[in-house]
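Structural features, examined
Here are the chains, one letter per residue:
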Amino acid sequence: MTLTLTRHGDVTAILADRRFDVLAAPPAPHGLAWLRGAVSRFSRGTLHARRRDLATALLPPPAHLRAAATTMAADPGVTPHDVPVTVLVAALGARRAVHEQVAMVTPGYFGRVQTGLSDVDDAVEDLVDAFDGERTEQVAAAIGLLVQAHEATGGLVTRALAALRRWPGTAPVTAVLAETLRYDPPVPTMRRECLVDHDRPGQGRITAGTVVVLDVAAANRDPDVFADPDRFDAGRPNLDQVLTFGSGPRACPGRDHALALALGTVEGVLHRD
Ligand code: HEM
């Protein structure tokens, strides 16, 4: 059974509620299934905490990411969407450029397509080789950072550049990025699985095994929280309530890094000759 929640309060409550957790991926020996089974994103409990710490410890300083993104994006031959992942690949110490492999792996990693495709498994093995050559949790953490970052941060860049073209000169780039995350989120939904039967005010009885889709795009336009929600307004006073980076114990640990990468990229594009 699936339940979709669209209100800001309901989404925030589920993200803070220990009776719900991510849809976990089991351990596997190689390829995409190995990656999903070895990263924090699809782990629960103490395994999640340990793997999240491993990933967080690898994160490069945001200021470095911003500067590198600005330099790369100033080149008119570079596609802005691909700048964040390319910068991260280098900053995480990969032995060679692997952003194409990251792009190949991304849909299956998030479960949007069937796993088990051999070219996707080969791309994962390429990524392992570009880091250490061993399938360790540490290597999975580095690859996981790249896959988590790639589409979401590239998507933020593309959407913010579109917003700047549509509503030019209205606000600083940081404010345009923040409102873009609310108005047009690159990650529009999250999922949780209910672990125990219980009653919830407003939703009735929820049974274990129910998959809850958290519609972040809708929650970010909840009129109880955001006044005139369908209007793009980079001057909103409460953009800290935007849910696009999640909230609670699994909130995105790469938030500051994503914002630095996106800001640097947009700044570089704006400074093109
Ligand atoms: C605009 C860009 C980004 C958005 C919108 C975004 C959003 C999210 C969200 C919503 C989650 C939580 C998913 C859930 O609770 O089900 C998440 C998790 C995560 N994100 Fe991001 N993210 C972005 C960029 C990044 C970047 C740049 C990095 C790293 C460099 C990163 C690393 C991670 C990791 C490692 C997790 C898993 C955390 C855990 O397992 O506890 N993300 N992200």
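For the structure itself, look to the data block above.
Just so you know, these numbers come straight off a predicted model, no measurement behind them.

A few points about the site of the ligand
In the region of the ligand, 26 residues are neighbours, and Ser40, Ala149, Ala152, Cys252 and Gly254 sit closest. Those elements giving two or more residues to the shell around the ligand turn out to be helix 3 (45-58), helix 8 (137-166) and helix 11 (255-270). Per-element tally for the shell around the ligand: the top contributor is helix 8, with seven residues. Residues of the shell around the ligand, tallied by class, amount to 15 nonpolar, eight polar and three charged.

Quick look at the packing of helix 9 (residues 173-183) against helix 11
Their axes nearest at 10 Å, the elements helix 9 and helix 11 cross at an angle of 125 degrees. For the element pair helix 9 / helix 11, the angle class is oblique. Between helix 9 and helix 11 lies a crossing of right-handed hand. Of helix 11, the residues touching helix 9 (which contributes Val173, Thr174 and Leu177) are Leu259, Ala262, Leu263, Val266 and Glu267. Residue composition of the contact of helix 9 with helix 11, grouped by class: six nonpolar, one polar and one charged.

Description of the pairing of strand 3 (residues 189-194)
Across two bridges, strand 2 (residues 20-21) lies against strand 3 in antiparallel orientation. Directly across from Phe20, in strand 3, lies its bridge partner Cys194. Relative to strand 6 (residues 211-215), strand 3 runs antiparallel, the two sharing five bridges. Looking at strand 6, one finds that Glu193 is bridged to Val211.

Quick notes on the environment of Arg221
Position of Arg221 among the secondary structure elements: in the loop between helix 10 (216-219) and helix 11. Residue Arg221 is classed as partly exposed on the basis of its C-beta count, with 19 C-beta atoms lying within 10 Å. With 21 residues separating them along the chain, Arg221 and Val242 place their C-alpha atoms 9.1 Å apart. In contact with Arg221, not counting residues within four places along its chain, are Phe226, Pro229 and Asp230.

Examining helix 6 (residues 99-109)
In terms of burial, helix 6 is a largely internal element, eight of the eleven residues being buried. Within helix 6, the full set of buried residues consists of His99, Gln101, Val102, Met104, Val105, Thr106, Gly108 and Tyr109. Where helix 6 is buried, its residues contact helix 2 (31-38), helix 5 (83-91), helix 7 (118-131) and helix 8. Just beyond helix 6, the residue with positive phi is Gly111, at close to 75 degrees.

Notes on the sheet that holds strand 1 (residues 2-5)
In sheet architecture, strand pairing relies on hydrogen bonds along the backbone and comes in two forms, parallel and antiparallel. Pairing is mixed across the open sheet formed by four strands, whose spatial order is 1-6-3-2. The open sheet has two edge strands with one neighbour each: strand 1 and strand 2.

Considerations on the packing of helix 6 against helix 7
Closest axis-to-axis distance for the helix 6/helix 7 pair is 9 Å, and the angle between their directions is 125 degrees. By the criterion of interaxial angle, the relationship of helix 6 to helix 7 is oblique. Seen from above, helix 6 lies across helix 7 with left-handed handedness. In this structure, helix 6 uses Gln101, Met104, Val105 and Gly108 to contact helix 7, whose residues at the interface are Asp119, Val120, Ala123, Val124, Asp126 and Leu127. Within the contact of helix 6 with helix 7, the residues separate by chemical class into six nonpolar, two polar and two charged.

Describing the environment of Thr265
Within the fold, Thr265 resides in helix 11. We classify Thr265 as buried; it has 33 C-beta atoms within 10 Å. Apart from residues lying up to four places away in sequence, Thr265 is in contact with Ala69, Ala73, Pro80, Val83, Pro84 and Val157.

Re the nonpolar core
Nonpolar side chains in soluble globular proteins generally cluster together in the buried interior. Counting residues in each nonpolar core, the largest one holds 69 residues, and the members touching the most others are Val105, Leu127, Ile143, Leu146, Ala160, Leu177 and Ala262. Here this core gets 15 residues from one element, more than from any other, and that element is helix 8. Look past the residues within four positions of Leu146 in its chain and what remains in contact with it is Val85, Leu88, Val89, Leu92 and Val102.

A short note on helix 11
End to end, helix 11 covers 22 Å across 16 residues, agreeing with the expected 22 Å (1.5 Å per residue, within 8%). Within helix 11, twelve of the 16 residues are buried, leaving the element largely enclosed by the surrounding structure. Burial in helix 11 covers these residues: His257, Ala258, Leu259, Ala260, Leu261, Ala262, Leu263, Gly264, Thr265, Val266, Gly268 and Val269. Against the buried residues of helix 11 lie helix 4 (62-73), helix 5, helix 8 and helix 9.

What counts as what
Residues numbered from 1 in each chain as written. Predicted model: local features only at pLDDT ≥ 70, side-chain atom pairs only at ≥ 80, totals over all residues. Near = placed C-beta within 6 Å. Helix = DSSP H or I, 4+ residues; strand = E, 2+ residues; numbered from the N terminus. Nonpolar A, V, L, I, M, F, W, Y, C, P; charged D, E, K, R; others polar. Axes fitted to C-alpha atoms, helices over the stretch in contact; angles between N-to-C directions. Parallel < 35°, antiparallel > 145°, perpendicular 65-115°, else oblique. Left-handed = near helix turned anticlockwise from the far one by under 90°. Contact = placed C-beta atoms within 7 Å. Pairing = 2+ DSSP bridges. Buried ≥ 20, exposed ≤ 12 C-beta atoms within 10 Å, placed from the backbone. Core = buried A, V, L, I, M, F, W, Y, C linked by C-beta atoms within 7 Å. Expected span 1.5 Å × (residues − 1).

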